[in-house]
Amino acid sequence: MNIQFKKGVLELCVLAMLFKKDCYGYELVNEISKNIKISDGTIYPLLRRLKNEGYFTTYLEESQEGPPRKYYKLTELGIETKVQLENDWTVFVNGVNQIVKEANTCE
Amino acid sequence: MNKEEFMKNIKKNLTGLPQDEIADIVYDYDEHFRIGKENGKSEEEISSSLGNPKQLAKMFVVDNYLKKAEKNSNYKNVLRAIIATGFLGFMNLFLVFTPLMVIALLILTIFIIGIAFVGAGIMCILGVVINPLINIIVIDMNVFSFVCFQLTMTCIGIIMVIGILMASKVLSKYFICYLKWNIKFIKG
């Protein structure tokens, strides 16, 4: 899969997942890599960067299995950004699909 | 590699970052290894899906420099941010340093012209003043208008120098935005 596409949309993927529920790092990595082939480790610099931009806050929560886990939670700004990015993405994908469809029907 | 090697490698390549940030980053990967093992994965498997620790460390370092440069856009911070971003990967190198060279050349040229105007102006005025004292030959024209012309040159020169210094501050802010776009979208 094209690497350029991937880098750009990872932010949207992370925000979308956190919109549904607060997650811890491993959870995010796991879910995303189920659908897109990524280098797992790159999620963490991304999370750090997005946290610095104010898109989420973090908190520790006790877990039964062992030491507390660090959870990520969207802020207001994070939610706004998620909606924005999602719209951009939908418009973009529809546009591309349209072009591809027309190209394939005009024989 | 196993967990210990991975952590050692990434810690080594994170030097330069503040201690609390390094600790935080290490905590995250530590947690990742831990949960991965809980889920039945081996350290080798986990480390191989995480990727190259040196490359990962570079990403953290670049983000850190960019954050610093955004907070305080002095030349040292901006330069560090530019170099770190440029060396993320080949595409980054090209896309960062090419526009940088062009802009730097432009700034330098205007700066030099400005200095030259200032210098020329001062030298000529000095020449007019000193001439009666040590009898050097000077251009034969109306002395008053000549002095005014040179004063104007000097002032224009000063304005150019100050202007370009202010402009480069603004430019570096825009360049930082460009760098952030660069690390977001260009393969590192």
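Residues numbered from 1 in each chain as written. Chains lettered and ligands numbered in written order. Predicted model: local features only at pLDDT ≥ 70, side-chain atom pairs only at ≥ 80, totals over all residues. Heavy atoms only, no water.

Asks: Summarise the nonpolar core; cite the residues concerned and give the values.
Replies: Formed by 50 residues in total, the largest nonpolar core has its most connected members in Val14, Leu18, Leu47 and Phe56 of chain A together with Phe6, Leu14 and Tyr29 of chain B. Counting residues per element, this core draws most heavily on helix H4 (residues 53–71) of chain B, which supplies eight residues. Sequence-distant contacts of Leu14 of chain B, defined by excluding residues within four places in its chain, comprise Ile22, Ile25, Ala57 and Phe60 of chain B. (Core = buried A, V, L, I, M, F, W, Y, C linked by side-chain atoms within 4.5 Å. Buried < 20%, exposed > 50% of the residue type's maximum accessible area, 1.4 Å probe, protein only. Helix = DSSP H or I, 4+ residues; strand = E, 2+ residues; numbered from the N terminus. Contact = heavy atoms within 4.5 Å.)

Asks: I'd like to hear about the environment of Ile83 of chain B, residue by residue, with values.
Replies: Residue and element names in this part refer to chain B. Relative to the elements of secondary structure, Ile83 occurs in helix H5 (residues 75–86). A residue is classified by how much of its surface remains accessible, and Ile83, at 38% relative accessible area, is partly exposed. Put simply, Ile83 and Tyr65 are 18 residues apart on the chain and 9.6 Å apart in space, counted from C-alpha to C-alpha.

Asks: Break down the packing of aromatic side chains for me, citing the residues and quoting the values.
Replies: As enumerated under the stated definition, the model contains ten aromatic pairs over all chains in all. A centroid spacing of 5.5 Å and a plane angle of 75 degrees characterise the contact between Phe56 of chain A and Tyr72 of chain A, whose relative ring orientation is edge-to-face. Of this pair, Phe56 of chain A sits in strand S2 (residues 56–63) while Tyr72 of chain A is found in strand S3 (residues 66–74), placing the two residues 16 residues apart along the sequence. Tyr72 of chain A shares its class with Phe56 of chain A; the two are buried. Note on Phe175 of chain B and Tyr178 of chain B: the rings are 5.6 Å apart at their centroids and 50 degrees apart in plane angle, and the pair reads as tilted. (Phe/Tyr/Trp six-rings, centres within 6.5 Å; stacked < 30°, edge-to-face > 60°.)

Asks: Describe the interface of chain A and chain B, naming the residues involved and giving the relevant values.
Replies: Counting from both sides, the interface comprises 27 residues of chain A and, opposite them, 29 residues of chain B. Counting the surface lost from both chain A and chain B, the interface buries some 2,600 Å², and carbon and sulfur atoms represent 50% of this. Connecting chain A to chain B are seven salt bridges. Among the ionic pairs, Asp24 of chain B bridges to Arg48 of chain A, the shortest N-O distance being 3.1 Å. The tally of links between chain A and chain B comes to 15 residue pairs in polar contact (both at pLDDT 80 or more). Contributing elements (two or more residues each) for the side of chain A that touches chain B: helix H1 (3–20), helix H2 (25–35), helix H3 (43–52) and S3 of chain A. Of the residues assigned to the side of chain A that touches chain B, the class counts are ten nonpolar, eight polar and nine charged. (Buried area = accessible area lost by both parts, 1.4 Å probe. Salt bridge = Lys/Arg side-chain N within 4 Å of Asp/Glu carboxyl O. Polar contact = N/O pair within 3.5 Å; in protein donor to acceptor, adjacent residues only side chain to side chain. Nonpolar A, V, L, I, M, F, W, Y, C, P; charged D, E, K, R; others polar.)

Asks: Could you give an account of the side chain of Asp40 of chain A, with specific residues and numbers?
Replies: Structurally, Asp40 of chain A can be placed in the loop between H2 and H3. Despite being buried, Asp40 of chain A has no salt bridge partner; Lys41 of chain B is the closest side chain of opposite charge, sitting 5.9 Å away. (Lys, Arg positive; Asp, Glu negative; His and termini not counted.)

Asks: I'd like a rundown of a nonpolar patch on the surface, residues and numbers included.
Replies: On the surface, Trp89, Phe92, Val96 and Val100 of chain A cluster together into a nonpolar patch covering about 370 Å² of accessible area. Residue position: Phe92 of chain A is located in helix H4 (residues 76–105). (Patch = residues over 30% accessible without salt bridge, like charges linked within 9 Å, V, L, I, M, F, W, Y side chains within 5 Å. Areas by Shrake-Rupley, 256 points an atom, 1.4 Å probe, with all protein chains shown as cover.)

Asks: Could you give an account of the confidence of the model for chain A, naming the residues involved and the relevant values?
Replies: When pLDDT is averaged across chain A, the result is 88; 92% of the residues are at 70 or more. Element-level mean pLDDT values for chain A span from 83 in H1 of chain A up to 94 in strand S1 (residues 23–24) of chain A. (pLDDT = per-residue confidence, 0-100.)

Asks: Now, about the pairing of S3 of chain A: what can you tell me, with residues and values included?
Replies: Residues and elements named next belong to chain A. Both S1 and S3 contribute to a ladder of two bridges, which runs antiparallel. When the sheet's bridge partners are listed, Tyr24 is paired in S3 with Tyr71. Bridge count for S2 against S3 is seven bridges, and the pairing is antiparallel. By the bridge assignment, Leu60 is partnered in S3 with Lys70. Remark: two residues form the turn of the hairpin made by S2 and S3, two consecutive strands paired antiparallel. (Pairing = 2+ DSSP bridges.)

Asks: Mind laying out the packing of H2 of chain A against helix H2 (residues 19–38) of chain B, listing which residues take part and the relevant values?
Replies: Contact geometry for H2 of chain A and H2 of chain B: axes closest at 9 Å, N-to-C directions at 65 degrees. Between H2 of chain A and H2 of chain B, the angle falls in the class roughly perpendicular. Between H2 of chain A and H2 of chain B lies a crossing of right-handed hand. Mapping the contact onto sequence places Gly25, Tyr26 and Val29 of chain A in H2 of chain A and Glu31, His32, Ile35 and Gly36 of chain B in H2 of chain B. Broken down by class, the residue content of the contact of H2 of chain A with H2 of chain B amounts to three nonpolar, three polar and one charged. (Axes fitted to C-alpha atoms, helices over the stretch in contact; angles between N-to-C directions. Parallel < 35°, antiparallel > 145°, perpendicular 65-115°, else oblique. Left-handed = near helix turned anticlockwise from the far one by under 90°.)

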